[in-house]
Amino acid sequence: PLEGRVPILSMGRYGSIVPVKRPSDDAIVAALSSAHSIVRLALQDIGPVCIPQTKVALPGCVWPAPYLRELGKAIWERSVEVEMAL
């Protein structure tokens, strides 16, 4: 019954609304770390929000290091293809 269909796992997060325990962050990292062939991402952005007309991140905004680390490991260690639509 799955012929011609593409499985999708939709995850999101609440930003700073949930400051400590972020289950979606753990789920995203787990999904990336278990990828074997391809990861397709549709994202609003990948880096921190910056002060307008600068490259300075707003206070509290950082690069998503755990996501980027797992993407890098997937590419380098498991030859996973990564497609990203921003």
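Residues numbered from 1 in each chain as written. Predicted model: local features only at pLDDT ≥ 70, side-chain atom pairs only at ≥ 80, totals over all residues. Heavy atoms only, no water.

## Description of the pairing of strand S2 (residues 81–85)
Strand direction decides the pairing type here: strand S1 (residues 38–42) and S2, joined by five bridges, are parallel. When the sheet's bridge partners are listed, isoleucine 38 is paired in S2 with glutamate 81. Note on the crossover from S1 through helix H2 (residues 65–78) to S2: the handedness is right-handed. (Pairing = 2+ DSSP bridges. Helix = DSSP H or I, 4+ residues; strand = E, 2+ residues; numbered from the N terminus. Right-handed = clockwise from strand over helix to strand, strands pointing away.)

## Re the packing of helix H1 (residues 23–33) against H2
Two elements in contact, H1 and H2, have axes whose closest approach is 9 Å; the angle formed by their N-to-C orientations is 10°. On the basis of their axis angle, the class for H1 and H2 is roughly parallel. Only Pro66, Tyr67, Glu70, Leu71, Ala74 and Arg78 of H2 make contact with H1, whose side of the interface consists of Asp25, Ile28, Val29, Leu32 and Ser33. Residues that form the contact of H1 with H2 fall into these classes: seven nonpolar, one polar and three charged. (Axes fitted to C-alpha atoms, helices over the stretch in contact; angles between N-to-C directions. Parallel < 35°, antiparallel > 145°, perpendicular 65-115°, else oblique. Contact = heavy atoms within 4.5 Å. Nonpolar A, V, L, I, M, F, W, Y, C, P; charged D, E, K, R; others polar.)

## A short note on the nonpolar core
Core analysis: the largest hydrophobic core is formed by eight residues, namely Ile28, Leu32, Ala35, Val39, Tyr67, Leu71, Ala74 and Val80. Per element, the largest residue contribution to this core is three residues, and it comes from H2. In this view, leucine 71 contacts Leu32, Val39, Leu41, Val82 and Met84; residues no more than four positions away in its chain are not counted. (Core = buried A, V, L, I, M, F, W, Y, C linked by side-chain atoms within 4.5 Å. Buried < 20%, exposed > 50% of the residue type's maximum accessible area, 1.4 Å probe, protein only.)

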